[in-house]
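Structural overview
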Amino acid sequence: MIVLAIESSCDETAAAVVESAEGGERAETDRLTAEALRPGSGQALRALRRTLREPVPPTSDPRLPTVLVLSDVVASQIEEHAPYGGVVPELASRRHLTAILPVIRRALADAERTLGDIDALAVTAGPGLVGSLLIGIQAAKAIAHAKRLPLVGVNHLAAHLLSSHLRRKSPVAVPPSAPSALPAPSAPPAPPSQRSSQRPQRLSGKSDLRALPSLPSLPSLPSAPSFPSLGLVVSGGHTALYAVQGPERFAQLAATRDDAAGEAFDKVGKLLGLPYPGGPAIDAAADGVEPGDLRFPRGLDRKDTLDFSFSGLKTAVADHLRARCEPPDRDEVRRVAAAFQESVVASLVKKSLLACERLCIPRLTLGGGVAANSALRRAMANACGAAGIALFLPARADCTDNAAMVGLAAVPRLLRGEDDGGALGARSSWPIG
Ligand code: KG4
Ligand code: ZN
């Protein structure tokens, strides 16, 4: 089955063509309630552990079918929003409107497919900016209607949670063996031999992975995480931990009580005078820097909750900068960036490992833009290695918003013949689990 997938939930217009190489069966076991997973609910927790340890019955295989990425195109609006220091919703909708068709055309061309080859469509239906979501949804509906194809709406968080399952014909390197300069959207696609359609094609303004600190190769891992796994989604809009029982079965364990981690990166980047978005800028600024005795608080640094908090940390950075008589010089910016990043990373690592330990799940996956962070990837790999937990990191380029993960998340429903059709709507809020 060949799926054309579309993503437009925030400030990235993306389209991908993915191919499901095999069928898969849906797990039929009961959905776990988030209530049962709340830390401190001893009895419920014991029951949950038992459920998770039970072998999966042979008739209910919670596998995600292997999905190959044939093309993956992302047009970023970062440059347009940078002067405002954040995403301007009205501007985002307008940009999606002009980008959506060229991006879809490019995804089809890169995959060497036409609309006639497409079997089904998938589109992000939420959570996100409604005006932005609607552009992707309307485009998907129009194609589905004209070609009489099934269309399913995908939850953006579920797509991030599953992104470590993405497979390309040739693996995307984890270290920044960066994407080369790309032709303009209107340029004809390169001949197949030169085209790296296995890597996301960044059409404009995307943060340059080459600017990020390099990382040592991670130890080779099994091809894809099995279920159940523990999933951390850490992005600009969300920071939450989930028990992932299958490709469509999630239970939220914990979440941030205030800012998302990516939001904290972006706000602190602004305080430090770094370019937008702050995440990659802080990552680069903090590379190789020892913060010395500068330490910022870690929000909710207790064992009785898996929840996160980052707004106090952001305030502590603001107070630190305000207490100085003069604006920070380059060295001080790097030192503050490193101390801030250290605090965020420590929280994310500590709570993720605590969740794995509590639920006795020795598999952890990461997803969302902040999962591209070098210090987080390094610290998580070290901590998981020491704790005997298998860590599954998406390639860095698959952490930020893309449509390949949307196609992947849609495959189980599409294989069952489901179709949301013309009734599909946009949802600004859409919790999972
Ligand atoms: O997943 P994503 O592309 O969009 C949302 O769903 O929110 O995540 C964007 C967020 C931004 O806040 C950005 O600053 C952050 O991910 N980010 C990073 C890095 N790359 C992107 N944060 C820390 N380090 C990075 N290397
Ligand atoms: Zn996202």
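A brief look at the structure comes next. (Residues numbered from 1 in each chain as written. Chains lettered and ligands numbered in written order. Predicted model: local features only at pLDDT ≥ 70, side-chain atom pairs only at ≥ 80, totals over all residues.)

Right, let's talk about the overall build of the chain for a bit. Check the secondary structure of the chain and you find 13 helices and 12 strands. Residue burial in the chain is summarised as follows: out of 433 residues, 50% are buried. (Helix = DSSP H or I, 4+ residues; strand = E, 2+ residues; numbered from the N terminus. Buried ≥ 20, exposed ≤ 12 C-beta atoms within 10 Å, placed from the backbone.)

To continue, consider the site of ligand 1. Around ligand 1 lies a shell of 20 residues, among which Gly236, Gly262, Gly279, Gly369 and Asn373 are the nearest. Elements with a minimum of two residues in the shell around ligand 1: helix 7 (261-271) and helix 8 (278-285). Looking at which element gives the most residues to the shell around ligand 1, the answer is helix 8, with four residues. Here the residues of the shell around ligand 1 sort into seven nonpolar, 10 polar and three charged. (Near = placed C-beta within 6 Å. Nonpolar A, V, L, I, M, F, W, Y, C, P; charged D, E, K, R; others polar.)

Strands sit in the order 10-9-8-11-12 across an open sheet of five strands; the sheet is mixed. The open sheet terminates on both sides in strands that have one partner only, identified here as strand 10 (249-255) and strand 12 (390-392). Here the strands of the sheet are splayed against their neighbours by 25° on average, with no regard to which way each runs. Sheet topology note: the strand 9 (residues 239-246)/strand 10 ladder contains six bridges and is antiparallel. Bridge pairing links Ala243 to Ala251 in strand 10. Lying over the sheet, helix 10 (residues 330-359) contacts strand 8 (229-234), strand 9, strand 10 and strand 11 (363-367), oriented at roughly 155° with respect to strand 8. (Pairing = 2+ DSSP bridges. Axes fitted to C-alpha atoms, helices over the stretch in contact; angles between N-to-C directions. Contact = placed C-beta atoms within 7 Å.)

Most of strand 9 is tucked away, with eight of its eight residues classed as buried. Taking the residues between adjacent antiparallel strands as the criterion, strand 8 and strand 9 are bridged by four residues. Between the antiparallel neighbours strand 9 and strand 10 lie two residues.

Mapped onto the elements, Glu418 comes out in the segment after helix 13 (404-415). It is 8.0 Å that separates the C-alpha atoms of Glu418 and Leu151, two residues lying 267 residues apart in sequence. Apart from residues no more than four positions distant in its own chain, Glu418 is found in contact with Val152 and Arg413.

Omega for the bond connecting Phe227 with Pro228 falls within 30 degrees of zero, at 0°, which places this linkage in the cis form. On the secondary structure map, Pro228 appears in the loop between strand 7 (201-204) and strand 8. In the Ramachandran plot, Leu300 falls in the positive-phi region, its phi being about 50° despite a non-glycine side chain. Looking at where Leu300 falls in the secondary structure, it is placed in the loop between helix 8 and helix 9 (311-322).

A word on the packing of helix 4 (residues 89-110) against helix 5 (residues 130-147). Contact geometry of helix 4 with helix 5 gives a least axis separation of 8 Å together with a crossing angle of 20°. It follows that helix 4 is roughly parallel to helix 5 by the angle criterion. Note that helix 4 runs across helix 5; the crossing there is right-handed. Listed contacts from helix 5 to Pro89, Glu90, Ala92, Ser93, His96, Leu97, Ile100 and Ile104 of helix 4 are Gly131, Ser132, Ile135, Gly136 and Ala139. For the contact of helix 4 with helix 5, the residue count by class is seven nonpolar, five polar and one charged. (Parallel < 35°, antiparallel > 145°, perpendicular 65-115°, else oblique. Left-handed = near helix turned anticlockwise from the far one by under 90°.)

Across the eight residues that make up helix 8, a large majority, seven, are buried. Buried residues of helix 8: Gly278, Gly279, Pro280, Ala281, Ile282, Asp283 and Ala285, and no others. Where helix 8 is buried, its residues touch helix 7, helix 10 and helix 11 (374-387).

This next bit is on helix 7. In terms of residue burial, helix 7 counts as a mostly covered element, since nine of its 11 residues are buried. Listed as buried for helix 7 are Ala261, Gly262, Glu263, Ala264, Phe265, Asp266, Lys267, Val268 and Gly269. The secondary structure elements touched by the buried residues of helix 7 are strand 8, strand 9, helix 8, helix 9 and helix 10. In the segment just after helix 7, Gly273 is the residue with positive phi, at about 75°.

This brings us to the nonpolar core. Counting residues in hydrophobic clusters, the biggest one holds 115 residues, and the most contacted among them are Ala5, Ala15, Ala16 and Val406. Ranked by residues supplied to this core, first place goes to helix 10 with 13 residues. Residue assignment places this core across two domains, with domain 1 (2-26 + 62-172 + 177-206 + 402-423) and domain 2 (229-394) each supplying three or more. Residues within four places of Ala16 in sequence aside, it is in contact with Ala5, Val69, Ser71, Asp72, Val73, Ala107, Asn402, Ala403, Ala404 and Gly407. (Core = buried A, V, L, I, M, F, W, Y, C linked by C-beta atoms within 7 Å. Domains from an automatic or database assignment.)

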